[in-house]
Amino acid sequence: MSGDRPTLPPVRLHSDAELAREALTSPLLARAARLARWAGPATRVGAGGELVDEQLPEAAEHLGLAADEDGAAEASEAWRLAVDAGLVEVTDPDEGEEEAFGTATAGENLALLTSGSPQDVLAIWLDAFDAVFADATAPVLDDLAGAIDDDGQIDFEALEWDPEAEVDFLEGVLGNLYLLTVSEGAAEGPVPLPALAASMIVPDDMGEPTDDVLEQVSDAMMRLDDQFRVLEPIGLVAYQPVDEALMAEEGAEPEPPVDDEDVTRYGMVGLTPLGLYGVRARMLEAGVDAPAVGDLADKGAEALLDGIAYFPESSAGAETQMWLARREPAAAARELLAAARGTDRGAPLRRLRSQQALSLVGPEAEDAVREVLDDAELGGLARVWLAEHGASDVPPPPESMIFWLAIDTIAAQLDADGEPDEFQGLVAGLTGRHSGFFDAAWRVDHPATADVLEAMGRLHPDKKAAKEARKAAFKARSRRAG
């Protein structure tokens with residue numbers, strides 16, 4: 001009975017202001033901004049916009065980095081990001097002149113880091129993330145040096161580097177890490193690197209991994225170790241690298257972890273709140289349905305009820321609270337009830353979500369609920385709500401409404417949850433409380449009657465009752481066909 005479901009569970013993002021503060025304090029972007037402010041008329045850049053070697057020690061000193069090769073490399077990395085993120089603008093060297101250098105001036109984006117809105121800052125950070133992502137999926141420099149042909153060009157075939165495959169792999173890894181982070185019930189905290197690598201390599205239906213698959217997992221771990229070291233300074237992940245002491249010798253692969261206590265030495269990674277924002281933005285750009293709590297707050301009630309249809313309970317509650325906070329309670333209740341009507345396939349689940357939303361409105365919803373007591377589709381829901389809120393003058397429902405509400409509720413729960421094992425108890429309890437349930441149920445004028453009865457026939461633990469349910473389903477289908 002299920003309709004279209006979102007690809008991913010909804011994520012709870014920090015506010016734009018909080019995320020912008022995280023972006024500004026991410027080590028790499030902060031260094032890039034400092035270098036952009038440091039640059040001036042005397043700054044010399046090469047043909048590719050890079051700082052010339054003679055300027056790197058000064059740049060490193062300005063950043064408080066060590067006066068060695070590592071400090072120069074980090075300063076060079078920060079400068080490249082400043083260029084890529086539009087924090088500096090460079091002019092190319094004049095052609096044909098020896099020892100000619102380009103110049104650098106402040107870019108338009110530099111001022112936005114201090115005077116722009118949080119959204120401006122996050123847009124700049126996303127550009128920086130894209131640039132760092134490209135670095136993370138680029139060939140390793142040592143491999144690149146060995147793939148230069150006689151003409152001085154890179155031989156990509158000899159390099160055995162497929163740029164599209166590299167991008168797809170890292171995007172897949174970040175997607176899996178995102179899913180592990182936002183899924184309800186997922187373990188909190190960082191994810192072991194071996195488990196993340198295995199999620200991309202080991203087939204779901206494979207029992208004991210083969211030696212070849214284990215070798216692929218080990219290779220993936222080492223590549224991911226390099227990539228997460230590149231991604232951490234931009235604030236995307238919190239990363240505990242692979243313990244280098246695990247290497248038997250230089251260039252060797254680590255042995256698989258032997259116990260749970262040992263696994264942390266093989267690398268642990270988690271997305272930061274800023275990382276969740278960045279990966280989601282990248283997925284949205286690729287057309288992935290990646291909802292966030294709060295997306296529906298300014299939309300109508302029908303969009304809310306359809307949108308939260310398959311949300312986990314806590315996320316659905318949070319989304320509904322945000323929606324209600326923008327509306328006057330009585331008006332919100334009437335809007336929810338109006339959106340709950342319908343005979344389409346998604347209507348039962350809309351009514352269930354509407355009832356749950358109304359429970360959050362409180363007593364201010366009572367007048368709106370009483371207005372639908374005589375409504376064929378909403379009268380049962382209204383009586384349940386009034387009884388749950390202690391009303392003493394709730395009119396008894398006619399028998400037809402009782403059975404209609406039972407079919408509607410089961411249809412909604414089947415749509416939301418499928419056919420879990422615990423549903424058997426609910427089905428058995430319902431039929432046990434109402435003698436002759438199936439004889440009455442097949443006559444219920446509800447679009448889902450036959451589907452519900454068929455499901456009850458599959459789920460009922462008593463064989464005789466299950467047979468009665470299947471017969472009732474057949475009668476219901478024949479009734480609608482006639």
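Owing to the predicted nature of the structure, the values given are computational and were not obtained by experimental measurement. (Residues numbered from 1 in each chain as written. Predicted model: local features only at pLDDT ≥ 70, side-chain atom pairs only at ≥ 80, totals over all residues. Heavy atoms only, no water.)

1. Quick notes on the confidence of the model for the protein
Now for step 1: When pLDDT is averaged across the protein, the result is 87; 87% of the residues are at 70 or more.
Now for step 2: Looking over the protein, one finds the lowest element-wise mean pLDDT in helix H7 (residues 141-145), namely 54, and the highest in helix H1 (residues 16-25), namely 98. (pLDDT = per-residue confidence, 0-100. Helix = DSSP H or I, 4+ residues; strand = E, 2+ residues; numbered from the N terminus.)

2. Points about the packing of aromatic side chains
Now for step 1: Going through the model one piece at a time under the given rule, you end up with six aromatic pairs.
Now for step 2: Ring centres of Trp38 and Trp79 lie 6.5 Å apart, and the angle between their planes is 90°; this geometry places the pair in the edge-to-face category. Separated by 41 residues along the polypeptide, Trp38 in helix H2 (residues 27-38) and Trp79 in helix H4 (residues 69-84) bring together distant segments of the chain. Each member of the pair, Trp38 as well as Trp79, is classed as buried.
Now for step 3: Centre to centre, the rings of Phe228 and Tyr239 are 5.5 Å apart; their planes meet at 45°, and the pair counts as tilted. You can see Phe228 sitting in helix H11 (residues 211-231) and its partner Tyr239 sitting in strand E4 (residues 237-240), a full eleven residues away along the chain. In this pair, the class of Phe228 matches that of Tyr239, namely buried.
Now for step 4: Each residue in the set Trp125, Phe129 and Phe133 is aromatic and connected to the rest through ring pairs, giving one cluster. (Phe/Tyr/Trp six-rings, centres within 6.5 Å; stacked < 30°, edge-to-face > 60°. Buried < 20%, exposed > 50% of the residue type's maximum accessible area, 1.4 Å probe, protein only.)

3. Topic: the nonpolar core
Now for step 1: Counting 77 residues, the largest nonpolar core has Leu87, Tyr178, Phe228 and Leu236 as its most contacted members.
Now for step 2: Every residue in contact with Tyr178, bar those within four places of it in the chain, is listed here: Leu8, Val11, Leu271, Leu276, Val279, Arg280, Met283, Ala290 and Pro291.
Now for step 3: Ranked by size, the runner-up nonpolar core spans 28 residues in total, among them Leu305, Ala333, Ala339 and Ala340. (Core = buried A, V, L, I, M, F, W, Y, C linked by side-chain atoms within 4.5 Å. Contact = heavy atoms within 4.5 Å.)

4. Description of the pattern of salt bridges
Now for step 1: In the structure shown here, the tally under the stated rule is 21 salt bridges.
Now for step 2: Its salt-bridge partner being Arg223, residue Glu166 comes within 3.5 Å of it at the nearest N-O pair. Linking Glu166 in helix H9 (residues 163-182) with Arg223 in helix H11, this pair joins segments that are 57 residues apart in sequence. The same class applies to Glu166 as to Arg223, namely buried.
Now for step 3: Note that Asp375 is salt-bridged to Arg341, the shortest N-O span being 3.0 Å. Within this pair, whereas Asp375 is found in the loop between helix H17 (366-370) and helix H18 (379-388), its partner Arg341 is found in the loop between helix H15 (329-340) and helix H16 (347-361), the two being separated by 34 residues in sequence.
Now for step 4: When its relative accessible area of 19% is taken as the criterion, Asp375 is described as buried.
Now for step 5: Bridged by salt links that share partners, the residues Asp130, Glu171 and Arg282 form one connected network. (Salt bridge = Lys/Arg side-chain N within 4 Å of Asp/Glu carboxyl O.)

5. What about the packing of H1 against helix H12 (residues 273-285)?
Now for step 1: For the pair H1 and H12, interaxial distance at closest approach is 9 Å and the crossing angle is 100°. Taken together, the axes of H1 and H12 are roughly perpendicular relative to one another. Residues Leu19, Glu22 and Ala23 of H1 pack against Pro273, Leu274 and Tyr277 of H12.
Now for step 2: Here the residues of the contact of H1 with H12 are counted per class, giving five nonpolar, no polar and one charged. (Axes fitted to C-alpha atoms, helices over the stretch in contact; angles between N-to-C directions. Parallel < 35°, antiparallel > 145°, perpendicular 65-115°, else oblique. Nonpolar A, V, L, I, M, F, W, Y, C, P; charged D, E, K, R; others polar.)

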